[in-house]
Amino acid sequence: MLIFTLRRMLSIPPLVLVVSLLTFLLLKIAPGDFYSQLEADPSRSLTEVLRQKESSGLLVRLSPAELEQFGDFDDDGSTWAFRDDGEKSPTILRDQVVVIGRTASRSLLNFQIGSIRYQCDDEGVVYRKVGPIEGFFSWFFNAVTGDFGRSYKFNRPVFGIIAERLLNTLILSIAALTIAYGIGIPLGIFAAVKPNSAIDHSAGMLAFIGLSVPTVFSALLAVLFATYTGWFPIGDMRSLDYNEFGFLGKMKDRIHHLFLPAVVIGTSAMAGYMRQARGNMIEALSQDYVRTARAKGVSHNNVLFKHAFRNAVNPLVTLFGYSLASLLSGSLLVEIVMNWPGLGRLVFEAISAKDEPLVLASVLISTLLLVFGNLVADLLLAVVDPRVRLS
């Protein structure tokens, strides 16, 4: 057990590195970035925008001495050069004529010398664009120390934003998982004990509906139901007058907001677990050890729960790790449709805004949750089934 756990723990860093690198490269391949629109906005100061990019680690400021080493280069149909006169900003020459920074920035906002790209602001300060590989490893090493950077959109530390939203998503996922396992497994067992009965056919119809109806459609129906009946709130996870409630009032208010999104996600997952539990129980009840136990006079409940169910539960435990990841991904559309302030909606907003630090940190956290869920599932499987020898 210990050897297996250590082996799985050692496999986490390479996995996280590869997933983070692929995500980073995909973001870089996509056209434009968060600051492209800001640079094109005439109401914003180009100098301010480029300084924000510098503080975000996307640009590196070059000194006048470094710029003078460029020599003459051609761009925008003119010959340019930088001269170090001992000032904070270099003297900029276009066709041997001195120009001010604002004039130069119109042509040198984005220029390239060799394979390296540069940007010039209104004050004549020149920055080097950080390459994708250099930028990734700079971000990754900072992330290892717990510094995920600052969000471009929210201008706040990424870790604090994700911590708030992740807790909300975990609350929703755990509630949905409780509904899925708490209803799906008992229904599956009852359907297996009485095959071809009314319970079995009803459970089968419920599973068919749960597997067939998309989660986003169920969420839309739930919003429509809440709108017409007024029984449940639409959006957010607490009321506007939440702070005026006592402890029990706050708990009731949160459960009231949580109920409908959790039912939407849990019902969809419940159908799969119910079919899995039914199939496993039918197979277990047909085994020789079950017939032997019944021949020895073991009571029906002992045969059902002590012998058959303990062997039928193994695949369900294995599904636990995948169910955590699937619930986190499945809650994305539900959070958007039902306006739940969770991690899924945050990722969608970050991708739409091309907020790279927020997207990278969210993917990293989701990957760790998936790995952790699979590890917990393997350890639980060893606990419920002594035949499994993980070491």
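Let us look at the structure shown here. (Residues numbered from 1 in each chain as written. Predicted model: local features only at pLDDT ≥ 70, side-chain atom pairs only at ≥ 80, totals over all residues. Heavy atoms only, no water.)

1. Side note on the side chain of Thr23
Stated precisely, the cut-off is as follows: Helix and strand assignments come from DSSP, with helices taken as H or I runs of at least 4 residues and strands as E runs of at least 2, each series counted from the N terminus. Residues adjacent in sequence count toward polar contacts only when both atoms are side-chain atoms; beyond that, a polar contact is any pair of N or O atoms within 3.5 Å, and within protein one must be able to donate a hydrogen and the other to accept it. Contacts: residue pairs with any heavy atoms within 4.5 Å of one another.
You can see Thr23 is positioned in helix H2 (residues 12–29). Of note is the side chain of Thr23, whose polar atom sits 2.8 Å from the backbone oxygen of Val19. Excluding its chain neighbours within four sequence positions, the residues that come into contact with Thr23 are Val359, Leu360 and Val363.

2. Side note on the sheet that holds strand S2 (residues 73–75)
For the record, the criterion: Pairing between strands requires that DSSP locate at least two bridges from one strand to the other. In this analysis an axis means a line fitted to C-alpha atoms, helices contributing only their contacting stretch, and an angle means the value between N-to-C directions, from 0 to 180 degrees.
Taken in spatial order, the four strands line up as S2-S3-S4-S5 in an open sheet, and their pairing is antiparallel. Because the sheet does not close on itself, it has two edges, and the strands there are S2 and strand S5 (97–99). Mean inter-strand twist for the sheet, computed between neighbouring axes without regard to direction, equals 40°. In this sheet, strand S4 (residues 91–94) lies alongside strand S3 (residues 78–83) in antiparallel orientation, the contact comprising four bridges. If you follow Ala81 over to S4, its bridge partner there is Leu93.

3. Overview of the side chain of Arg165
Selection rule: Only protein chains enter the accessibility calculation, which uses a 1.4 Å probe. A residue is then buried if its area is under 20% of the maximum for its type, exposed if over 50%, and partly exposed in between. Charged residues are defined narrowly, with Lys and Arg counted positive, Asp and Glu counted negative, and His plus the chain ends left uncounted. One side-chain nitrogen of Lys or Arg within 4 Å of one carboxyl oxygen of Asp or Glu is enough to make a salt bridge.
Relative to the elements of secondary structure, Arg165 occurs in helix H8 (residues 158–193). Among buried charged residues, Arg165 stands out as having no salt bridge; its nearest opposite-charge side chain is Glu349, 4.3 Å away.

4. Things to note about the pattern of salt bridges
Summed over the entire model, instances satisfying the criterion amount to nine salt bridges. Salt-bridge contacts for Arg61 lead to Glu54; the nearest nitrogen and oxygen are separated by 3.3 Å. Of the residues examined, Glu54 reaches a relative accessible area of 27% and is grouped as partly exposed. With its nearest N and O atoms 3.3 Å apart, the salt bridge here joins Asp85 to Arg83. On the accessibility criterion, Asp85 (40% relative accessible area) is partly exposed. A relative accessible area of 35% places Arg83 in the partly exposed class.

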